[in-house]
Amino acid sequence: MAQEFYIYNTLTRQKEKFRALNPPHVGLYVCGPTVYGEAHLGHARPAVTFDLLYRYLKHLGYKVRYVRNITDVGHLENDADDGEDKIAKKAKVEKLEPMEIVEYYTRSYHHTVDRMNVLRPNIEPRATGHIIEQQQLAKKILEKGYAYEKNGNIYFDVERYNKEHNYGKLSGRNIEELKANTRNLEGQEEKKNPFDFALWKKATPKHIMRWPSDWGEGFPGWHIECSAMSTKYLGEKFDIHGGGMDLLFPHHECEIAQSTAANGKESVKYWMHNNMITIQGQKMGKSLDNFITLNEFFSGKHKLLEKPFTPMTIRFFILQAHYRSPLDFSNEALQAAEKGMEKLFKAEETLETLKSSNKSNIDAGDLEQKFYEAINDDLNTPVLFSHIFDMVRIINSIKDEKTKATNEDIKKLKGLYKTFVHDILGIEKEEKTKEESRLTEELIELLLNLRLEAKKRKDFETADKIRNALTKKGIVVKDTKDGFEWEIKK
RNA sequence: GGUCGCGUGGCCGAGGGGCUUAGGCACCGGUCUGCAAAACCGGUUACGGCGGUUCGAAUCCGCCCGCGACCUCCA
């Protein structure tokens, strides 16, 4: 791998040079959604961020096994005994089987992120499909003495674990602090410490999602699914684990504890966390009830939205910020992203029409180097975009014959577009339905040809009439020396 | 309250001791054009406040103010 790729490791709190454990193979695990509702803008961020990582690792020549789970059990409303499972709760509300809920929202999630050109992971395991693995893991932890059973519940013994290992190393917490700060919820008296977490929970009679186990009927805790499934598909030690920053504690901290307790060693080499998307400075999320679903963005049907935004605009918007920075939603910011993206696409079309010359005063190799420097620096997409827009300016300047480029240069620029804009960033132009656009195209050309004739006989009144009418419909006309260009603007 | 982080121009958003006019959007001027649009060129508005370190700080340190995340489900 010729490129030196640096990524920020949350565990060490610094950028580290990426070195695969078993090159050319790379194991990547990312926490996926809990499928009990429509995906919202917040869900798009890890999906897009780790899609970028996946794409770039593949570009570098790694054979990546990308695992992203679907949480369909064990994620409770809260940690108390009567804490309801999110899926089961929704099922009750909708009067459906839990698995109907899971199926419905899994499909919906797929459809939505597909539209943002997010590649599917290689394996997308479900928690309910790995109950046995989770039980086995819990058993192993129990046998090693890092967990205890109480009335059919298995709890992880954080204090015991912390004697030999460091609980809190990822999130920067320490156990004393936790003792002082962890709330005592009702119905948790059987835990040794309030910060102990459940590996397995006994099902109350009302609880519908339940499986038999050595400890009676119950269901797995939330944190154990990721440990069980990552181990199953990526081994006891794998390269990268990703997810949202909000999962850092307790979820990822608990994962580390579980794996370390079971295997005696840490499972993950690099931990990567994306920041949150905010709305008016506040985290967008279910609990705050300030979220906008992705489908609402696509349709524009939400009171906070001034207009619809395409899936690709959302992707572009997310990538224009660095993944570790918070990103604030606003109509204005989204519109700016949309405009910028259009400019990017237009330049690519222009690229196809450029005339080469035998001289050159551009340095495509330098551009390429800058592109790599940006992406290699912990996926610095904002800087990458700034260089890409340098390329856009060069392309337009060649078109205006203010800059010269050889045939080879132009080829190189096309290659950069393909590699960086399409393959790595995953930005693709959205196509209208073919027939629709063909007919529209023909009609517009027809009108514009009439206008051209009018212009030729100096009938500017008619010419302007046609152009104004088209402009009103959102079709922008651009006159050229002896013809016209046009495009549809929203 | 504890832990961590942030505060950059009209908006979004990089950078992170001297030199980046970062970039995008918006606005203004110029070139081009019957007019316009696009494009190109140029321009405007910055580093929360107060101190300190330094030859030099938006960048390091301290304090203050404001904001956020996590500590309880959340991507």
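The structure under discussion appears in the preceding block.
Rules of the game
- Residues numbered from 1 in each chain as written.
- Chains lettered and ligands numbered in written order.
- Predicted model: local features only at pLDDT ≥ 70, side-chain atom pairs only at ≥ 80, totals over all residues.
- Heavy atoms only, no water.
- Helix = DSSP H or I, 4+ residues; strand = E, 2+ residues; numbered from the N terminus.
- Buried < 20%, exposed > 50% of the residue type's maximum accessible area, 1.4 Å probe, protein only.
- Contact = heavy atoms within 4.5 Å.
- Areas by Shrake-Rupley, 256 points an atom, 1.4 Å probe, with all protein chains shown as cover.
- Lys, Arg positive; Asp, Glu negative; His and termini not counted.
- Charge placed at Lys NZ, Arg CZ, Asp CG, Glu CD.
- Axes fitted to C-alpha atoms, helices over the stretch in contact; angles between N-to-C directions.
- Parallel < 35°, antiparallel > 145°, perpendicular 65-115°, else oblique.
- Left-handed = near helix turned anticlockwise from the far one by under 90°.
- Nonpolar A, V, L, I, M, F, W, Y, C, P; charged D, E, K, R; others polar.
- Expected span 1.5 Å × (residues − 1).
- Polar contact = N/O pair within 3.5 Å; in protein donor to acceptor, adjacent residues only side chain to side chain.
- Near = heavy atom within 4 Å.

Caption draft 1: Structural view of the overall build of chain A. A tally of helices and strands in chain A yields 16 helices and 15 strands. C-alpha atoms of chain A, sized along the principal axes, occupy 95 × 50 × 35 Å. Each of the 490 residues in chain A was classed as buried or not, and the buried ones make up 52%. Long-range contacts, defined here as pairs at least 24 residues apart, represent 74% of the contacts in chain A between residues at least 6 apart. As displayed, chain A offers around 23700 Å² of accessible surface, 48% of which is attributable to carbon and sulfur atoms. With 77 positive and 76 negative side-chain charges, chain A shows a separation of 3 Å between the mean positions of the two kinds.

Caption draft 2: Structural context of the packing of helix 1 (residues 41-59) against helix 12 (residues 364-376). At a closest axis distance of 12 Å, the pairing of helix 1 and helix 12 adopts a crossing angle of 125°. Here helix 1 is positioned oblique relative to helix 12, judged by the angle of their axes. Seen from above, helix 1 lies across helix 12 with left-handed handedness. Only Tyr372, Ile375 and Asn376 of helix 12 make contact with helix 1, whose side of the interface consists of Leu52, Tyr56 and His59. Looking at the contact of helix 1 with helix 12 residue by residue, the class counts come to four nonpolar, two polar and no charged.

Caption draft 3: Up close: helix 13 (residues 381-399). Taking 1.5 Å of rise per residue, 19 residues should cover 27 Å, and helix 13 covers 27 Å from first to last C-alpha, within 8% of that figure. On the buried face of helix 13, the contacting elements are helix 1, helix 10 (311-319), helix 11 (331-353), helix 12 and helix 14 (407-424). Two or three places before valine 383, at the start of helix 13, stands the capping residue asparagine 380, its side-chain oxygen 3.3 Å from that residue's backbone nitrogen. Remark: glutamate 401 follows helix 13 within two positions and exhibits a positive phi of approximately 60°.

Caption draft 4: Fine view of the protein's contact with RNA strand B. Contacts to RNA strand B come from 63 residues, most closely from His75, Lys86, Trp222, Lys283 and Met284. Within 4 Å of the protein, the contacting atoms of RNA strand B are 66% sugar and phosphate, with bases supplying the remainder. Interatomic distance of 2.8 Å between a side-chain N/O atom of histidine 43 and a phosphate oxygen of RNA strand B. Alanine 336 has a polar backbone atom sitting 3.4 Å from a sugar or linking oxygen of RNA strand B. For the surface near RNA strand B, the element with the highest residue contribution is helix 11, accounting for seven residues. Across the surface near RNA strand B, the residue classes break down as 20 nonpolar, 21 polar and 22 charged.

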